[in-house]
Amino acid sequence: MGEHGDIRTGRHCVFMLHAHLVFVTKFRHRVFTDAHLTRLEEIMRSVCADFETGLAEFNGEDDHVHLLVNFPPKVALSKLVNSLKGVSSRRMRQEFPELAAHYYQGSKLWSGSYFAGSVGGAPISVLRQYIEQQNRPL
């Protein structure tokens, strides 16, 4: 796949698809620190790479994260979300056992729901600025 700015090309298509994703912790517990968010970003970039998807922006607060992803039309957004949440939950609980202590039986990090919004109404620069301005915990 070639890339020209935000416009990407596939074998039979030219596309520019962006989605704003928000994942909230189970019971909205305030569990993330800067170290957690830094590791979460690394994990989510890795998952996105497996899906040939770009993670344009990532940030969050102590109880939720925001992602701005650009993805090809062949990727089902729901499958990407399931993989992002599943892989990140498993790896974070393995690497940071203290996260599991916040939850009954320690089996889930994320709420079962998520927000996914197509981006196109507001300019990408405005959305990037919004995500960059999240109050990241120290």
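We now turn to the structure provided with this report. (Residues numbered from 1 in each chain as written. Predicted model: local features only at pLDDT ≥ 70, side-chain atom pairs only at ≥ 80, totals over all residues. Heavy atoms only, no water.)

## Here we look at the pairing of strand 4 (residues 18–25)
Point 1. Burial analysis of strand 4 places seven of its eight residues in the buried class, the great majority of the element.
Point 2. Direction of pairing for strand 4 relative to strand 7 (residues 110–118): antiparallel, over a ladder of six bridges. Paired with valine 22 across the two strands is phenylalanine 115, which belongs to strand 7. (Buried < 20%, exposed > 50% of the residue type's maximum accessible area, 1.4 Å probe, protein only. Helix = DSSP H or I, 4+ residues; strand = E, 2+ residues; numbered from the N terminus. Pairing = 2+ DSSP bridges.)

## Details of the nonpolar core
Point 1. Grouped together as the largest cluster of nonpolar side chains are 28 residues, with contacts concentrated most on Phe23, Leu40, Met44, Val65, Leu67, Val69 and Leu84.
Point 2. Elements supplying a minimum of two residues to this core: strand 4, helix 1 (34–50), strand 5 (54–60), strand 6 (64–70) and helix 2 (77–95).
Point 3. With six residues, the top contributor of residues to this core is helix 1.
Point 4. Discounting residues that sit within four places of it in the chain, leucine 40 has contacts with Phe32, Phe58, Val65, Ser88, Met92 and Trp110.
Point 5. By size, the runner-up hydrophobic cluster in this structure holds five residues, among which are Leu68, Ile124, Leu127 and Ile131. (Core = buried A, V, L, I, M, F, W, Y, C linked by side-chain atoms within 4.5 Å. Contact = heavy atoms within 4.5 Å.)

## Re the side chain of asparagine 70
Point 1. Checked against the element boundaries, asparagine 70 lands in strand 6.
Point 2. Residue asparagine 70 is classed as buried on the basis of its relative accessible area, which comes to 10%.
Point 3. Setting aside chain neighbours within four positions, we find asparagine 70 in contact with Arg8, Leu17, His18, Thr53, Gly54 and Leu55.

## Observations regarding the packing of aromatic side chains
Point 1. Taken as a whole and judged by the stated rule, the model has two aromatic pairs.
Point 2. Measuring from centroid to centroid gives 5.8 Å for phenylalanine 23 and tryptophan 110, while their planes differ by 65 degrees, and the two rings are edge-to-face. One end of the pair, phenylalanine 23, is in strand 4; the other, tryptophan 110, is in strand 7, and 87 residues separate them in sequence. Each member of the pair phenylalanine 23 and tryptophan 110 is classed as buried.
Point 3. One aromatic cluster is present, formed by Phe23, Phe32 and Trp110 through successive ring pairs.
Point 4. Lying across the ring of phenylalanine 27, lysine 26 places its NZ or CZ 5.3 Å from the centre. (Phe/Tyr/Trp six-rings, centres within 6.5 Å; stacked < 30°, edge-to-face > 60°. Lys NZ or Arg CZ within 6 Å of the ring centre and 35° of its normal.)

## Let's talk about the environment of valine 31
Point 1. In this fold, valine 31 is placed in the loop between strand 4 and helix 1.
Point 2. Owing to a relative accessible area of 6%, valine 31 belongs among the buried residues under this scheme.
Point 3. As for valine 31 and aspartate 62, which are separated by 31 residues in sequence, their C-alpha atoms are 5.6 Å apart.
Point 4. Residues within four places of valine 31 in sequence aside, it is in contact with Thr25, His36, Asp62, Leu99, His102, Tyr103 and Leu109.

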